[in-house]
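Structural features, examined
So you can see what is in the structure, the chains are spelled out below.
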Amino acid sequence: GGRATRPAGNPFWKAITESCGVLREESSHLEAENARLRKAVHALAQLAEEGGVRCDDILKRHDLEPLRAPPKADAARGLPAPTPFSLYTEVAQHEAAVYCAEFSPAGTLLASGSFDRTVAVWDMEALQHRELAPLHTSSVLDVAWANDSRQLLSAGLDAAAVLWDVEQGVACATPFHGKGMLLAARAHPALHNVFLVSDSREHIVALDRRQPRGPAAVALNDSVVYSIATDSTGAHFLTGDQLGRLRVWDFRQLEAPLPLDVGPPLTLAGGDAALRCVQLLDIDGRHLVAAGCADDSLSLYSGSSLLSLGLEHRLKGFTDGNFGVRCAFHVSRRHVRAVPGTETPEGDAPSAPPLLLATGSADRHVYVCDLHAPQPTLQRVGSHLDVVYGVAFHPTEPILASYSADSTVKVWAANKPGAADCL
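Worth saying up front: this structure is predicted, and the values here are computed from it rather than measured.

1. A look at the overall build of the chain
In terms of regular secondary structure, the chain is built from three helices and 30 strands. When the 423 residues of the chain are sorted by exposure, 54% land in the buried category. Taking as baseline every contact in the chain between residues at least 6 positions apart, the subset at least 24 positions apart corresponds to 50%. Split by element, the accessible area of the chain, about 18,800 Å² in all, is 53% carbon and sulfur.

Pasting the structure below:
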C-alpha cells in the first residue's frame, strides 16, 4: 500500500513527537558517559602503543575508531582520496553531546548548543570561551546568529528561545516559550531583529524582539518542520518536514512595525523519508538547495528561482542513522582546488573556486564534496569518537566546524598557506 499520512493536529502523533524529545533528553546523559568512556579508552590505548603494544584490534572489537587509519582504507571502500583539510583545533567545553554549531556572520565567533543545556561561544581569534548564563532547562537543539554578529538565538527541547547579547553574556529579553519543543532556528538575513523557529506542534514562528508581547507571525504546517533555510533577501524561506517535503514559503511585509506575514507554502519535492536538513545558497544568479534525508541521501537542487528548482545530484556515502545530521555549503576563492599532494604552477590562471558541500554522519566521520568536480562525490575529511551531528562552514574562509555526540567541536582548515589566517 501507499505511505500512510496523518491528519493535521492528530494528538496521537503530537504525543509521540514529544515523547521522543523526552527520550532524547534522557539518552543525552548516556551519550555523554559513553563519550567520556571512549576518550578514556583511547587515552589508555595511546599509552599502550607508546609502550609497543598494538591496540587497533581491541578498539575495533569495541566499535571504536583506531588510533591510525589502516593503509589504503579509503581505497578499500572505493572512496576518493581525502580532501585537503586537516584538524586545526578541538573545542571540548561541553559535558554532553553537541547538537548544533554556527559561525557568526563576521566569522570571528563560533556558537554551539549541547544536550548539557548550555550554549557556548568561542572567540576564534583568541581561542577563548565566552560564558553565557545557563538559562535553558533542557537540551539545546539549534543556534542562529543575527546578521550583526552581536546577538544569538538558541532554541531547545524546553520550548524556549533565548536571545543573547553575546558580548555581555546575558539574555537580551525575556525568553520566548513556544507551544512545543523548538527544533530549528534561523535568523532573517536582512533584519537582525527577526528570527524563525519551528516547534514539535507543527508551527513555524516568526519572532521579532521589538514585539515583546508575542510572536510576530505563526504559520501552521501539516507536519513537524525539522529544518529552516532563508534566501539571501529574506523574501522566502524553505522548510524540510517529517513527511519528506521541501516547501517554499513567502515571507512578506517586513517593514517594521507592521506585523510579519507568512504566505502559504508551495511544495517543491516530496519523498518517503523525513527531510531532516535544508540548506540554501544563492550564487551566480541561481539558487542551490541541499536536502538531507533520513534515507541516507543528500539531494542537490538548482534553479534560477526557488519555484523552478530541479534535481542535479543525489549523493550517497554518509549515514543519517535517524539523527537528523546537518550539512552546510561553502564557496571560497581562497581554497585550492587540487588533488592532495599536487601544486598549481605559479603563473597559471586560478581555477574556478570549488563549491563545497559538507555533512556530518552517524558513522562518526565528516564528509566534504566539491560540487564543481566532474563527478561530485562525498570524501572523508576526518572523524570524531561518536556520531557527527552536523557541520558549519566559516562564512568566507575554507574552515569547517564539526560537532558530535562525543561532546566536542572540531575545527578543520584547508591545507594551504594562509587558510587559517582569520583564526
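Still to come is the rest of the account.
2. Details of the environment of Q93
Assignment of secondary structure puts Q93 in the loop between β1 (85-91) and β2 (98-103). On the basis of relative accessible area, Q93 is assigned to the partly exposed category, the value being 37%. Placed 26 residues apart in sequence, Q93 and V119 show a C-alpha to C-alpha distance of 9.9 Å. Leave out the neighbours within four places in its chain, and Q93 touches W122, H129 and E131.

3. A few points about the environment of V197
Counting through the fold element by element, V197 comes out in strand β12 (residues 194-199). Considering only alpha carbons, one finds V197 and A144, 53 residues apart in sequence, at a separation of 9.7 Å. With residues near it in sequence (within four places) discarded, V197 still touches L153, L182, A184, A185, H203, I204, V205, L207 and I228.

4. Let's talk about the nonpolar core
Residues L110, F115, Y389 and V409 are the most contacted members of the largest nonpolar core, which totals 27 residues. Counting only elements with at least two residues in this core, the list comes to β2, β4 (119-123), β29 (399-404) and β30 (409-414). In terms of nonpolar packing, the next biggest core, distinct from the first, is built from 18 residues, I283, L298, F329 and L357 among them.

5. Here's the deal with the pattern of salt bridges
According to the stated counting rule, one finds seven salt bridges in the structure shown. Among the salt bridges present, the one from R130 reaches E167, with a minimum N-O distance of 3.4 Å. One end of the pair, R130, is in strand β5 (residues 128-130); the other, E167, is in the loop between β8 (160-165) and β9 (170-171), and 37 residues separate them in sequence. Linking R247 and D222 is a salt bridge whose minimum nitrogen-to-oxygen distance equals 3.5 Å. Highlighted residues: R247 in strand β17 (residues 245-252) and D222 in the loop between β14 (217-220) and β15 (225-230), separated in sequence by 25 residues. Overall, the relative accessible area of 11% leaves R247 in the buried class.

6. Things to note about the confidence of the model for the chain
Counting all residues, the mean pLDDT for the chain is 78, and 68% of those residues have values of 70 or more. With pLDDT under 50 throughout, residues 68-82 is counted as low confidence; its partners more than four residues away or in other chains account for 19 contacts. Here residues 253-260 scores under 50 on pLDDT; set against residues more than four positions off or in separate chains, the count is 18 contacts.

7. Description of the pairing of strand β20 (residues 275-283)
A large share of β20 lies buried, amounting to eight of its nine residues. Relative to strand β21 (residues 286-293), β20 runs antiparallel, the two sharing eight bridges. Looking at the pairing, V278 lines up with A291 of β21. If you look at the hairpin formed by β20 and β21, you'll find two residues sitting between the two strands, and D284 has a positive phi there, around 55 degrees.

8. Observations regarding the side chain of D123
Tracing the sequence through the fold places D123 in strand β4. For D123, a relative accessible area of 16% gives the class buried. Polar side-chain contacts of D123 include one of 2.9 Å to the backbone nitrogen of E125. One polar contact links the side chain of D123 to the main-chain amide nitrogen of A126, over a distance of 3.2 Å. If we ignore the near neighbours within four places in the chain, the residues touching D123 are T108, L109, Q128 and R130.

9. Quick look at the sheet that holds β4
A sheet is described by the order of its strands in space; here four strands give the open sequence β2-β3-β4-β5, paired in antiparallel fashion. For this open sheet the edge positions go to β2 and β5, each flanked by a neighbour on one side alone. Neighbour-to-neighbour, the strand axes of the sheet open up by a mean angle of 25 degrees, direction not taken into account. In terms of strand pairing, strand β3 (residues 109-114) meets β4 through five bridges, oriented antiparallel. Paired with A111 across the strands is V121, a residue of β4.

10. Side note on unusual backbone geometry
Even without being glycine, E202 reaches a positive phi, approximately 75 degrees. On the secondary structure map, E202 appears in the loop between β12 and β13 (203-208). Given the relative accessible area of 2%, E202 is considered buried. Notably, D284 is not glycine yet its phi reads approximately 55 degrees, a positive angle. Of note, D284 is situated in the loop between β20 and β21. Assessed through its relative accessible area of 73%, D284 is described here as exposed.

11. Here's the deal with the pairing of strand β16 (residues 236-241)
Of all six residues that make up β16, five are buried, and the element is covered over most of its length. For β15 and β16, the ladder comprises five bridges, and the chain directions are antiparallel. Counterpart to S227 in the pairing with β16 is G240. The turn joining β15 and β16, which pair antiparallel and follow one another in sequence, is formed by five residues; a positive phi near 85 degrees is taken by G234.

What counts, and at which threshold
- Residues numbered from 1 in each chain as written.
- Predicted model: local features only at pLDDT ≥ 70, side-chain atom pairs only at ≥ 80, totals over all residues.
- Heavy atoms only, no water.
- Helix = DSSP H or I, 4+ residues; strand = E, 2+ residues; numbered from the N terminus.
- Buried < 20%, exposed > 50% of the residue type's maximum accessible area, 1.4 Å probe, protein only.
- Contact = heavy atoms within 4.5 Å.
- Areas by Shrake-Rupley, 256 points an atom, 1.4 Å probe, with all protein chains shown as cover.
- Core = buried A, V, L, I, M, F, W, Y, C linked by side-chain atoms within 4.5 Å.
- Salt bridge = Lys/Arg side-chain N within 4 Å of Asp/Glu carboxyl O.
- pLDDT = per-residue confidence, 0-100.
- Pairing = 2+ DSSP bridges.
- Polar contact = N/O pair within 3.5 Å; in protein donor to acceptor, adjacent residues only side chain to side chain.
- Axes fitted to C-alpha atoms, helices over the stretch in contact; angles between N-to-C directions.

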